[in-house]
Amino acid sequence: MATAVVAGSPYLYGNILSSIKATETINIGVIGTGVRGGGLISMINNIDHVNVSAGCDVLPFRLKKGLARANSNPKGYSDYRKLLDNNDIDAVIVATPFHTHSKIAIDALDAGKHVFCEKTLAKGYNGIRDLVNKANQSKNIFQTGHQYHSSRLYTHVVDLIKDGKVGNITAFECQWNRHGNWRRPVPDPKLEKAINWRMYREYSGGLTAELASHQIDFVNWVLNETPTQVMGVGGVNYWKDGRETYDNVHLVYSYPNGVKANFTYLTSNAKDGYQIKVIGDKGTIIIDLKNAWFYPEGNKNKRVLGDVDGVSGATVQWDKEKGYKINVEHINPSQQALLDFRDAVLNNKQPESNIITGAKTAICVQMGLDAMYNNEIVKWNASVLKA
């Protein structure tokens, strides 16, 4: 009989209570106050010991809207370098377009700021290498914004896998499918590339950088390895609107232990949306954005298990066709990532999602882009992480 995985409280929302007794307040400047940066500002409003003291964006309407989400009356900047000159700012969040991450994060470290850099860490091997070298020379905290690396649900699942819950891993199947053109409205045609930068290769890694990076980071984390090679295909086959980055992506990464990880991203069909399958010879763990299930291999008995969690008293049950629900107390992953950054700064401890984990995923992203764009099998580039 399969044993219960864990029972606990469901996914939580709302205010985040501080787990520390520190009296310090971290003053943060948010560089890039668009959809992502603005969303993080709203979350920071509910985090103790963190204050949004400044924001920056090159688009005035984005800056105004982003600053309005803060409850701290932050100062606005159109030039991030002016924000970095503000000695009252302790840390920055870099939530700008992908191609600017490396330069802005390097400048922030040079200015003595702690850095939370949104995924994907940096564009291109040179950008990754330069940022890694700078971060390694700095005494400041650096966190890569792969928020699922901070999720307590994902952390628990990784522990279960490493403890042998699925047995020997044989494959990963990952997807994040959506049905939509991924475009945002443009008030002036001159702003097309500034707003829809994700559509253009000069600025973006498309679906691979924006979506696949999260799940690639997870696979690297579980296996504690980086892939030896990747092959892939994609194209602009549905949204033929002048975009350069692909509207469908299919990648296969091979790892040193023989495991293959498949990644699929569509913009023309949203069936099953976001999903990661960790497939082993003892069972499968399926994860979505908020939940996880364990499906034991060869055991489809849907009876209620008798294993009860001592804290919650909840009995683990079979959840439709998905298996045994893995319930563990956790909050919104982006909120948890901000909490982890706060604690890392206050405790002077590098976070789990750090410059190296972020760099390894960024290398994988560039490998995938090269494989698709050049129609070739791309090998791991070990030189990027060497000083």
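Attention now goes to the pattern of salt bridges. When the charged atoms of two side chains lie near each other, side chains of opposite charge can form a pair. Tallied over the full model, the rule gives twelve salt bridges. A salt bridge links arginine 198 to glutamate 210; its shortest N-O distance comes to 3.4 Å. Of this pair, arginine 198 sits in the loop between helix 7 (192–195) and helix 8 (206–223) while glutamate 210 sits in helix 8; the two residues are twelve residues apart in sequence, bridging distant segments of the chain. Considered together, arginine 198 and glutamate 210 belong to a single accessibility category, that of buried residues. With a shortest N-O distance of 2.8 Å, aspartate 343 and arginine 342 are connected by a salt bridge. According to the relative accessible area criterion, aspartate 343 is buried, its value standing at 18%. Its relative accessible area of 1% is what places arginine 342 among the buried residues. Linked through salt bridges whose partners overlap, the residues forming this network are Arg183, Glu192, Asp241 and Arg243.

What follows concerns the sheet that holds strand 2 (residues 26–31). Ordered in space as 4-3-2-5-6-7, the six strands form an open sheet in which the pairing is parallel. Looking at strand neighbours, the two that pair on one side only are strand 4 (75–77) and strand 7 (142–145), the edges of this open sheet. When the angles between neighbouring strand axes are averaged without regard to direction, this sheet yields 25°. Strand direction decides the pairing type here: strand 2 and strand 3 (residues 50–56), joined by six bridges, are parallel. Looking at the pairing, valine 30 lines up with glycine 55 of strand 3. On the sheet, helix 9 (residues 333–347) packs against strand 2, strand 3, strand 5 (91–94), strand 6 (114–118) and strand 7 and is oriented at approximately 160° with respect to strand 6.

The next point concerns the nonpolar core. The biggest cluster of nonpolar side chains holds 83 residues, and the ones touching the most others in it are Phe142, Phe172 and Phe218. If we ignore the near neighbours within four places in the chain, the residues touching phenylalanine 218 are Tyr154, Val157, Val158, Ile161, Phe172, Ile276, Val278 and Ile287. Grouped together as the second largest cluster of nonpolar side chains are 23 residues, Val30, Ala70, Ile93 and Phe116 included.

The next thing to look at is the environment of glutamine 275. Take glutamine 275: it is sitting in strand 12 (residues 274–280). Linking glutamine 275 and glutamine 215, residues 60 residues apart in sequence, is a C-alpha distance of 9.0 Å. Aside from chain neighbours lying at most four places away, what touches glutamine 275 is Glu173, Cys174, Gln175, Gln215, Ile286 and Ile287.

Conventions we followed
- Residue numbers run consecutively from 1 along every chain, following the written order of its sequence.
- The model is predicted, so local features are restricted to residues of pLDDT at least 70 and side-chain atom pairs to those at 80 or more, both for listing and for counting; the totals for chains, interfaces and linings are taken over all residues.
- Side-chain calculation: all heavy atoms of the structure are included, whereas hydrogens and water are not.
- One side-chain nitrogen of Lys or Arg within 4 Å of one carboxyl oxygen of Asp or Glu is enough to make a salt bridge.
- Secondary structure counts use DSSP, requiring at least four H or I residues in a row for a helix and at least two E residues in a row for a strand, with both numbered from the N terminus.
- Each residue is assigned to one of three classes by its accessible area relative to the maximum for its type, calculated with a 1.4 Å probe on protein chains only: buried under 20%, partly exposed between the two thresholds, exposed over 50%.
- In this analysis, strands are considered paired if DSSP registers two or more bridges between them.
- Simply put, an axis is a line fit to the C-alpha atoms, just over the touching stretch for a helix, and the angle between two N-to-C directions goes from 0 to 180 degrees.
- Residue contacts follow a heavy-atom distance rule, with two residues in contact if any of their heavy atoms lie within 4.5 Å.
- In these notes, a set of buried Ala, Val, Leu, Ile, Met, Phe, Trp, Tyr and Cys residues joined through side-chain atoms within 4.5 Å is what counts as a nonpolar core.

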